[in-house]
Amino acid sequence: MKQFLSFVRKEFLHVLRDRKTLFILFGMPVVQILIFGFALTNEVKNSTIVVVDNAKDLSSQAIITRIEASRYFQIEKNLVGSKELEAAFRTGEIKMAIVFPAGFAESLQHQNTAQIQVIADASDPNTATTLTNYVSSIIRDYQTEMNVTNQLPYRIQPELRMLYNPQLKGAPNFVPGVMSLVLMLVCVMMTAISIVKEKENGTMEILLVSPFKPIMVVLAKALPYLLLSIINVITILLLSVFVLDLPIVGSILLLFGESILFIITCLTLGIFISVKTDSQQTAMLISLVGMLLPTLLFSGFLFPIENMPLPLQVFSNIVPAKWYYLMVKSIMIKGLGFSYIWKETLILVGITLFLLLISLKSFKIRLA
Amino acid sequence: MHSVIVSHLTKIYGKEKKVAVDDVSFSVDKGEIFGLIGADGAGKTTIFRVLTTLLLPDGGSASVGGLDVVKDFEQIRQTIGYMPGKFSLYQDLTVEENLSFFATLFGTTVAENYELIKDIYVQIAPFKNRRAGKLSGGMKQKLALCCALIHKPNVLFLDEPTTGVDPVSRKEFWEMLKRLKEQDITILLSTTYMDEANLCDRIALIQEGKILSIDTPANIIKSYPDVLFAVKATNMHQLLQQLLRYPERLSSYAFGEFAHFSFKGTPDTDGLVTYLEQHGLKEVMVKTADITIEDSFIKLLG
């Protein structure tokens, strides 16, 4: 036990004395959260749009005022002809155009239905979708209001509520994503590198030629990273609550429990990589390409898994980050309890045990 | 009483079936300093790794302190000290942290066996708060030796302990080894420096995984079969060229500021001097050479 503690102490010294490691450990999560939170957001603010009002009646004016009031749009100018409109789209001056036909209010009042033409620049499909969604919801809002005061109901469209994210904030999706990304990086790469480093520096030779059990070497290496990763989880959660205004809806205890489970999964992955490689560079490359990329692609964080071809959907099931991402989303944003995520938890436990078993089996008590 | 016994040890690496150690046998007595002398790639490190239970032999057997390196590897790991060829301490830990880490790792404390390392440690003690990576080569080796000794091992394995160390530190290092020998610790070391061979009790000259000769340094020198001459002239390069063409030549090679030379038949130094002077060499001087381990090694390599 004394040996183990002394080993853990040594590991902490290694981490604390290496500025680069420290930066990756604690700087990266902060930077990622801030970058994703403020720069790489899906939110579309102050988009330049054009309103062509051929109706110029009460209803059209009312809708235009609402659009103007929204912080998403910046109404540029009132273009009239369709040619001018096309030119403006081509140069990229405007992102969207809203065209009211002549007699808009009249049509609404007499036929109980009316049309608005919404044209969006879909060269950036994400922005286009977001913008059209915003406009539709503004129009729907107006419609609902009108229906309250009027006797004759206007045509009611199905209401699309933005579930869990009514303000269309970007943060709910990426905070769980960044959490799985950071933990994956810190745990897998750092553990793998720190064990392989001992091999490369030749210190592993001395460690093996000592009464200390080789398997304890690995455990003592992993423990500090478990603690440091928990600190990382706390940092990310604090940032998301206080800087990004994203509250944790569900149980914090459950969130931590699942995070520790995922950290252990990542640590065993790191140990597995370190057992199989002999140089820090190889370990780093495998961690980055083999772990980071699947985490980005197959966790559902950046790309929806449902849209992928079936083989890739099946593959995504063995990516531990997918399950963690699902659980964090469930707890943090939807506020669900353990009874909703026991399946994901079980799968993650299974993956962890499997990895632990094969890395323990292939751990070498000798050099070759 | 043999402390280390190696018999018909063979180690083959990889798919290319490179034979690193080829049917090697030797034994080391308790309290003896035994040196493996050979060039890089001769198989010295492989022998060390088999003896320190880091590698499994492909043929033959070996034992350390009566324990088999394959079966009893766990017990062997309790009783030996090992200093790998590459400097193997933690560069980012201080001298003191390194030492106490290794002491704890081997289940002891620095205080418990301080007597054993005292002579060495006093020399590095002034730098005990310095990081190991910032020490000079000689200091590093002394610290590594301290770390390998801290649990009072019965057998000490030192793989090229003096490579890259300045001559003064090397001398001090050897004085320490002599003192450890007095404590009845068996020391097995390897080196590429021929001058260090003389300081061992016994040496094994090793080349391409095979042992060429095992004996005391004195006996190895004594058994040199030829009379060896040291030849000197103003132009060394030309001298070596001409020696190569001399009809009575058995061997010739550069050796420091001299060329070492031996004759096929009865030595005829006057004839050699005349020959060299006829071929344009000036200030030719020939004398009998003191035979060294290196000469024996060159002879054995043939």
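About the criteria used
Residues numbered from 1 in each chain as written. Chains lettered and ligands numbered in written order. Predicted model: local features only at pLDDT ≥ 70, side-chain atom pairs only at ≥ 80, totals over all residues. Axes fitted to C-alpha atoms, helices over the stretch in contact; angles between N-to-C directions. Helix = DSSP H or I, 4+ residues; strand = E, 2+ residues; numbered from the N terminus. Parallel < 35°, antiparallel > 145°, perpendicular 65-115°, else oblique. Left-handed = near helix turned anticlockwise from the far one by under 90°. Contact = placed C-beta atoms within 7 Å. Nonpolar A, V, L, I, M, F, W, Y, C, P; charged D, E, K, R; others polar. Pairing = 2+ DSSP bridges. pLDDT = per-residue confidence, 0-100.

**Student:** Can you help me understand the packing of helix α4 (residues 114-124) of chain B against helix α5 (residues 137-149) of chain B in this one?
**Tutor:** Geometrically, a packed helix pair is captured by the angle between its two axes and the distance between the axes. Residue and element names in this part refer to chain B. Interaxial distance between α4 and α5 falls to 10 Å at its minimum, and their mutual angle equals 150 degrees. Comparing the axis directions of α4 and α5 gives the class roughly antiparallel. For the element pair α4 and α5, the recorded crossing hand is left-handed. Between α4 and α5, the residues in contact are L116, I117, I120, Y121, Q123 and I124 and M139, K142, L143, L145, C146 and L149, respectively.

**Student:** Mind showing me how you'd approach the packing of helix α10 (residues 252-276) of chain A against helix α11 (residues 280-298) of chain A here?
**Tutor:** Residue and element names in this part refer to chain A. Between α10 and α11, the shortest axis-to-axis distance is 10 Å and the interhelical angle comes to 135 degrees. Between α10 and α11, the angle is such that the two are oblique. In the crossing of α10 with α11, the sense of the turn from one axis to the other is right-handed. Where α10 abuts α11, its residues L269, I273 and S274 lie against A283, I286, S287 and M291. Among the residues making up the contact of α10 with α11, the classes are represented as 5 nonpolar, 2 polar and no charged.

**Student:** Would you explain the pairing of strand β2 (residues 18-29) of chain B in this entry?
**Tutor:** Walk down a regular strand and you will see the side chains alternate between the two sheet faces. All names here are of chain B. Across 8 bridges, strand β1 (residues 2-13) lies against β2 in antiparallel orientation. Bridging from a neighbouring strand, H2 pairs with D29 of β2. Here β1 folds back onto β2, and the loop between the two strands holds 4 residues, one of which, G14, carries a positive phi near 65 degrees.

**Student:** Before we go on, may I ask you to explain the confidence of the model for chain B in this structure?
**Tutor:** Caution is warranted with low-pLDDT regions, since their predicted coordinates should not be read in detail. Confidence in the prediction for chain B averages 90 pLDDT; 100% of positions are at 70 or higher. Taken together, the chains of this predicted complex give a pTM of 0.75 and an interface ipTM of 0.81.

**Student:** Sorry if this is basic, but what is going on with the environment of P247(B) here?
**Tutor:** Topologically, P247(B) is positioned in the loop between α9 (236-245) and β12 (249-255). The sequence separation of P247(B) and F263(B) amounts to 16 residues, and the corresponding C-alpha distance is 9.2 Å.

**Student:** Any chance you could explain the pairing of strand β13 (residues 258-263) of chain B here in plain terms?
**Tutor:** All names here are of chain B. In this structure, strand β11 (residues 229-232) lies alongside β13, joined through 3 bridges in antiparallel fashion. Counted as the bridge partner of A230 is H260 from β13. Relative to β13, β12 runs antiparallel, the two sharing 6 bridges. Along β13, the bridge assignment pairs S252 with F261. In this structure, the hairpin formed by β12 and β13 is closed by a connection of 2 residues, where G256 is found at a positive phi of approximately 65 degrees.

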